[in-house]
Amino acid sequence: MDCLKIIEKIYAANTSALAIIVNHGTCVAQKALSIADRLEHLNPDRNFIYESAMLHDIGLLHTHAPALGISGKHPYILHGILGRFMLENLKLYRHAMVCERHIGVGLTIEDIKEQKLPLPIRDMVPTYLEEKIVCYADKFFSKSPSNTREKTPQEILENLACYGQNKVSKFLRWMSQFGP
Ligand SMILES: [Fe+2]
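Residues numbered from 1 in each chain as written. Predicted model: local features only at pLDDT ≥ 70, side-chain atom pairs only at ≥ 80, totals over all residues.

1. Quick word on the nonpolar core
Then comes step 1: Among the nonpolar cores identified, the biggest contains 38 residues, and Val28, Ala32, Ala53, Ile58, Ile133, Val134 and Ala137 are the most heavily contacted of them.
Then comes step 2: Breaking this core down by element, the ones donating at least two residues are α1 (3-10), α2 (15-38), α3 (46-55), α4 (79-89), α5 (93-101) and α7 (129-138).
Then comes step 3: The element contributing the most residues to this core is α2, with nine residues.
Then comes step 4: Ignoring any residue separated from it by four or fewer positions in sequence, one finds Ile133 in contact with Ala32, Ile35, Ala36, Pro44, Ile49 and Phe178.
Then comes step 5: Within the second largest apolar cluster, seven residues are counted, among which are Leu78, Ile103, Leu107 and Val125. (Core = buried A, V, L, I, M, F, W, Y, C linked by C-beta atoms within 7 Å. Buried ≥ 20, exposed ≤ 12 C-beta atoms within 10 Å, placed from the backbone. Helix = DSSP H or I, 4+ residues; strand = E, 2+ residues; numbered from the N terminus. Contact = placed C-beta atoms within 7 Å.)

Put into structure tokens, the structure is as follows:
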């Protein structure tokens, strides 16, 4: 499967957003694959990790993200499920779930209800090892083209603390399993 071709086809009319998606996806894929290398004993699916890391933010195109030069009609928080729909249309059902489940460290039914998020009420939490690795690696990179450096765990934890101690704990658990 040629991920770049898929992204280029979908983002053809917005070249600056195309560059953002490809650059961000590449950073996340590199980090995720380096984690997979350390977890060889768990036999992670490297090819799937690469592909889903490249595609995980594809739903951004239809969201309102002016800072990224994207002016879709949907709230930013929907980029996960929008990406799921887009990849399901391409029959990429397994990759689609990475889109849905990568927001923060995963959204639970309680998160969606308590924060009154405009999302269907269901758990959207990384379940399989590969989904967890991509979600974790994603937290290290901003999508901003002016800030492509890898974030420190401290920066990530400070941000997650805004969403509750359980999010911090989950990231710390992943960090001990996957490495910093
Ligand atoms: Fe991302």
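Resuming the write-up.
2. As for the packing of α2 against α7
Then comes step 1: Where α2 contacts α7, the two axes come as close as 8 Å, and the packing angle between them is 130 degrees. Considering their axes alone, α2 and α7 lie oblique with respect to each other. When the axes of α2 and α7 are compared, the crossing they make is right-handed. Residue-level contacts link Val28, Lys31, Ala32, Ile35 and Ala36 of α2 to Ile133, Val134, Ala137 and Asp138 of α7.
Then comes step 2: Here the residues of the contact of α2 with α7 sort into seven nonpolar, no polar and two charged. (Axes fitted to C-alpha atoms, helices over the stretch in contact; angles between N-to-C directions. Parallel < 35°, antiparallel > 145°, perpendicular 65-115°, else oblique. Left-handed = near helix turned anticlockwise from the far one by under 90°. Nonpolar A, V, L, I, M, F, W, Y, C, P; charged D, E, K, R; others polar.)

3. A closer look at the packing of α4 against α5
Then comes step 1: Closest axis-to-axis distance for the α4/α5 pair is 7 Å, and the angle between their directions is 170 degrees. If you check the angle between α4 and α5, you find them roughly antiparallel. Taken together, the residues of α5 that come into contact with α4 (itself represented by Gly80, Ile81, Gly83, Arg84, Leu87 and Glu88) are Tyr93, His95, Ala96, Met97, Cys99 and Glu100.
Then comes step 2: Here the residues of the contact of α4 with α5 are counted per class, giving six nonpolar, three polar and three charged.

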